[in-house]
Amino acid sequence: DDDTFSNVFCENSEKLINVHLFALAAKYYSLSNLGVCTPLEDVLEALRGDNQGTTGIKTDEFMNNKKSHEVQVMSELVVNIANYCDIKQVIDIGSGKGYLSSFLSMQYNLKVYGIDSSNTNTNGAHERNRKLKKHWRAYQSRGRANLKSQRFEKANDRPVESEIKCKAVNEKPLNNDSSVQNQDQMAIQDLVPSCGFTGIATSEMSKEAEADLVARTQSDESKLSEEVLAILNILPADAVEVSSSQCNCGELCEEEKVRRKMASLEAKAGKSSDSNLYFPLTSCITAETELSDIITDLEDCMMVGLHTCGDLAANTLRIFTAKPEIKAVCSVGCCYHLLSEQFENQQECPNEVWGFPMCQYLKDKGWCCGRNARMSACLALERVAVGQMLPTKSLFYRAVLQVIIEEIHGVTKSDRHVGKTFSKSSSFIDYVRKSLKKLELDDSKLPDGCIMDYYEKYKHRMNELEAFNMLKVVLAPCIEFLILLDRVCYLKEQENIAWSGLVKLFDPVKSPRCCAVIALKKQSC
């Protein structure tokens, strides 16, 4: 009932008069409370059907905890969408240094194009790509070593039949060449137990015991063979080539022989001179971007974006709806403060493509958030709730700086930004002078004493500032929800969309921008 929250603000002054009701209202209209999100588990179950997820490379060896968590979760969702839509090509918009792109390719053998507007990021992605290749063989060796250890553990746990004496058929490697060309491939042989027994059991051995032993051995062989193949399947086909002369093909079923042969042929056919994990490209993406101009072999694909900044998230959805080749999209946006708003400045620009609003309903209402509200949407309530408090001191510095700029220089608005000056400053005086230089304002006529006078004048109000920012934090999920729901409603308005929704992907403490906008096109589109 809207009347419940009618007394939050004073009707005449519009000032906040009931903080408790304000917090309750913010919670009520938040994403988590309204039940709009589709649970990730439900989405994965619907996409997989009877297929089970795969496990493989651990991302935490290549990324920090936050990025590792994001890439691990999102890549699992992306590959399930790709499999469901029967596509092998992925376009990663705003790919940065290629964390998600390289993992999708290395873990799931998808063909990924990472597009970023920054040459620096693209070059960094190329360098990271080069370094990742070196780890492929290390992962193979480590995986095989783990399997070998598991085999010994299983052997030690197996009950000893004292009356059974047998020895392996082949105590030597199948390849007797002393100059082994690929020791890693030979290691596979060491992991798979021998196939039979030439030793003759003693006369006390019954036929039942013999049959039980053979059945148990074959079972172990089958399990370990599957584990070996699982390790190989972690990597793309061109990362590993299994030579048939070094494998015990007599024990492989015909289906597995065909699978290995096809994998080898695909690896050889797909190899480029650089053996790329994926393809980092530099291009500025807008709503009018023609992907075929950037990607020459564009085919049926899906678009993904992990924390696409500002308008890029909105443009990703627009490109998705407009291009028939793109069958699905999974977009996690961020940096809401950088969104362009159609009704913020009340300027008539009929041909302009805006970041907000997207859906027709909010366009008809002329809805505007404003920069301050969008800045608030970037705050992290869940982190504050677990004790990661706001940087009150830096916020106080920034607030007093604004007073100085307005009163001393008469500037109320600027396109320039202070950035992370606080972390590089030794004192408030140092902060003010560095900030003024960044803003290209003269600080020569501003003595240190005058700067400190401003600091002392407002120091006693620091607690007020902290309380005000806590109210912004409480309101943050509501504003973010409005922006995300606008994007989903835009997709709902399109006739070629089979399904669209919001899915909470990440732990919001690890990754505050945790919700993905996901959509699948109708099969005929």
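Okay, so let's go over this structure. It should be emphasised that the depicted structure is a prediction, and the values quoted were computed from it without experimental measurement.

A word on the pattern of salt bridges. Going through the model one piece at a time under the given rule, you end up with 14 salt bridges. The salt bridge partner of Lys67 is Glu70, with a shortest N-O separation of 3.6 Å. Residue Lys67 and its partner Glu70 are located together in helix 4 (residues 65–85), separated by three residues, close to a single helical turn. Accessibility expressed as a relative area gives 22% for Lys67, which makes it partly exposed. Taking the shortest distance from any N to any O, the salt bridge between Asp430 and Lys434 comes out at 3.3 Å.

Turning next to the sheet that holds strand 2 (residues 111–116). Spatial ordering of the open sheet is given by 3-2-1-4-5-7-6, a layout of seven strands whose pairing is mixed. Edge positions in the sheet fall to strand 3 (279–282) and strand 6 (497–504), since each has one partner strand and no second. The mean angle between the axes of side-by-side strands here comes to 15 degrees, regardless of whether they run parallel or antiparallel. Pairing analysis gives seven bridges linking strand 6 to strand 7 (residues 515–521), with the strands arranged antiparallel. Along strand 7, the bridge assignment pairs Gly501 with Ile518.

Once that is clear, we can look at the environment of Ser423. With respect to the element layout, Ser423 can be found in the loop between helix 15 (392–409) and helix 16 (428–438). Here the alpha-carbon distance between Ser423 and Ser394, two residues 29 residues apart in the chain, equals 8.4 Å. At 3.0 Å, the side chain of Ser423 and the backbone oxygen of Lys420 are in polar contact.

Procedures and definitions
Residues numbered from 1 in each chain as written. Predicted model: local features only at pLDDT ≥ 70, side-chain atom pairs only at ≥ 80, totals over all residues. Heavy atoms only, no water. Salt bridge = Lys/Arg side-chain N within 4 Å of Asp/Glu carboxyl O. Helix = DSSP H or I, 4+ residues; strand = E, 2+ residues; numbered from the N terminus. Buried < 20%, exposed > 50% of the residue type's maximum accessible area, 1.4 Å probe, protein only. Pairing = 2+ DSSP bridges. Axes fitted to C-alpha atoms, helices over the stretch in contact; angles between N-to-C directions. Polar contact = N/O pair within 3.5 Å; in protein donor to acceptor, adjacent residues only side chain to side chain.

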